[in-house]
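A structural walkthrough
Listed below are the residues making up each chain.
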Amino acid sequence: MGIAADIRRLVDRTPFVDTHEHLWEESVRLRALDLEDESKMPAPDIGMLFSHYTDSDLKVAGMPGDALAVAFRWDIAPRDKWKALEPYYRRTHNTGYMMNVRESLRLLYDEDDLRADNVERISAKMRAAVQPGFYRVVLRDFANIEYAQVNCIEGPIFGETAQPDLLAQDLSFAALSAAGDRDRLAAEAGVTLKGLKDWHAVIDWAFETYGPRAIAVKSQNAYARGLDYARVAAEEAAPYFEKMLRDRGALEAAERKAVEDHLFHYCVHKATEYDLPVKLHTGYYAGHNSIPLGRLQGNPAEMCELCRAHPDARFVFMHITYPYHDHIIAAAKHWPNAYIDMCWAWIINPMACVRFVKEFLGAAPACKLLTFGGDYRPVEMVPGHAAVARRGLAQALSELVEERWLREAELEALTDCLMRGNAHELFDLERTLKNWNKVQ
Ligand SMILES: [Zn+2]
């Protein structure tokens, strides 16, 4: 008992570097208070707690989408929202997503659960907390996070944050590598699109413009396809790209794949040139009614081929490729350029993550593992996720010590590298801050 409590204290006092979030800019949250428009932002009350990930569990447990939509409205009282939410919350109370809710409630509002008699009180506290500077309070003071890495999903490929020391930004290359959002990106780059070379120029512009301030590059294109990116030469991809431009000509699946395959490798080369780690979504899908597990099963083997093709790139495979996390321990052990990020995974399946940390540390170098990313849009959910992660990480380390796989003397250094040191080694925040200063 003694050692477990000591380890818990060590993990609690060690700050996380949070390697993955989708947080709105703080100013967007503040502006939403005047707009009161749920199509732009859920109301800052208990509905916000059911707007990301939790919404999937509720729907899978039978909650109709239109009933859930009521929870996000600005013109409905929290007590009435609760009447609609409660039956489905009860059915999903056991999951990691819902544990996350309760941990955030405990840390931020000193409440142990949602009930009819406290949803108004909690909602009032949530609304009152949305003040200038509240992100720093939530992330630093309540979640003990040094800084977070944000993948902006509001449209731009890079988030022009006002707080780069707190909210480092990924350069999203999802559209760049899939030839998506072509007209807007080409216009921003000042490029007239006639052929593949012009799209290369758009990619070059994106890296020149945002690369110096980016903490990493990120793509979630594994939501739409496998990671089987073949080496396709520019000469082979160019006619398909031109066909795509011509009268918006639709491509055959194989032609589209060839274009994307070529562009993906082009982007990875650029990221390597700018010394930016390449973060890739792998494994489980957000949402519901969509996951093709058969395709995801191919992720670990495809990841190995990427590592082989780009020995100088540093790949960060996100979400432990759940539920194929056993396989990627082998990838992390084998490839020097494969890093594994546990972002989101702690709340997808907390107990699988405890086992994963133990088995990873028995097999692969500890420097290859990043142990936390909240992966949230609402900042209020991050302290809860960090608490679930800390609980699981402390349990894994305690079990390793109790089972005599790990010596107590190694704990402090190991904990520091898992929670923050590995991220500092892999991601260069100082460089980004120097470059942010140049443009401000
Ligand atoms: Zn994400």
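Within the chain, the secondary structure is distributed over 21 helices and eight strands. For the chain, whose C-alpha radius of gyration is 22 Å, the value lies close to the compact-globule estimate of 22 Å for 440 residues. Its C-alpha atoms put the chain at 65 × 55 × 45 Å along the principal axes. Evaluated residue by residue, the chain yields a buried proportion of 45% over its 440 residues. Taking all contacts inside the chain whose residues are at least 6 apart in sequence as the whole, residues at least 24 apart take part in 76%.

Within the secondary structure, I291 is located in the loop between β5 (278–280) and α14 (293–296). Distance in space between the C-alpha atoms of I291 and I320 is 16 Å, their sequence separation being 29 residues. Those residues in contact with I291 that lie beyond four places of it in its chain are Y284 and Y285.

Accessible area lost upon the coming together of the parts is a frequently used measure of interface size. Splitting the chain by domain gives domain 1 (45–129) and domain 2 (141–439). Between domain 1 and domain 2, the C-alpha centre-to-centre distance is 30 Å. Every contact between the two is made by 17 residues of domain 1 and, on the other side, 19 residues of domain 2. Counting residues per element, the ones that place at least two in the side of domain 1 that touches domain 2 are α3 (54–60) and α6 (96–109). Tallying contributions element by element places α6 first for the side of domain 1 that touches domain 2, with nine residues. Grouping the constituent residues of the side of domain 1 that touches domain 2 by class yields nine nonpolar, six polar and two charged.

Where burial is concerned, the two faces of strand β6 (residues 315–318) agree: the one with F315 and F317 and the one with V316 and M318 are both buried. Relative to β6, β5 runs parallel, the two sharing three bridges. Residue pairing for β6: V278 is matched across the bridge by F315. As paired strands, β6 and strand β7 (residues 338–341) are joined by four bridges and run parallel to one another. Bridge pairing in β7 places F317 opposite I340. In this fold, β6 hands off to helix α16 (residues 325–334), which returns the chain to β7; that crossover is right-handed.

The biggest cluster of nonpolar side chains holds 126 residues, and the ones touching the most others in it are C267, F315, F317 and A345. For this core, the two domains that each supply at least three residues are domain 1 (45–129) and domain 2 (141–439). Not counting residues up to four positions away in its chain, the partners in contact with F315 are V278, L280, L306, C307, N337, A338 and Y339.

In this section: the packing of α16 against helix α18 (residues 350–363). Closest axis-to-axis distance for the α16/α18 pair is 10 Å, and the angle between their directions is 25°. Classified by the angle between their axes, α16 and α18 sit roughly parallel to one another. Considering how the two elements wind past one another, α16 and α18 form a crossing that is right-handed. In this structure, α16 uses H325, I329, A332 and K333 to contact α18, whose residues at the interface are A352, F356, E359, F360 and A363.

Rules used in this analysis
Residues numbered from 1 in each chain as written. Predicted model: local features only at pLDDT ≥ 70, side-chain atom pairs only at ≥ 80, totals over all residues. Helix = DSSP H or I, 4+ residues; strand = E, 2+ residues; numbered from the N terminus. Rg over C-alpha atoms; globule rule 2.2 N^0.38 Å. Buried ≥ 20, exposed ≤ 12 C-beta atoms within 10 Å, placed from the backbone. Contact = placed C-beta atoms within 7 Å. Domains from an automatic or database assignment. Nonpolar A, V, L, I, M, F, W, Y, C, P; charged D, E, K, R; others polar. Pairing = 2+ DSSP bridges. Right-handed = clockwise from strand over helix to strand, strands pointing away. Core = buried A, V, L, I, M, F, W, Y, C linked by C-beta atoms within 7 Å. Axes fitted to C-alpha atoms, helices over the stretch in contact; angles between N-to-C directions. Parallel < 35°, antiparallel > 145°, perpendicular 65-115°, else oblique. Left-handed = near helix turned anticlockwise from the far one by under 90°.

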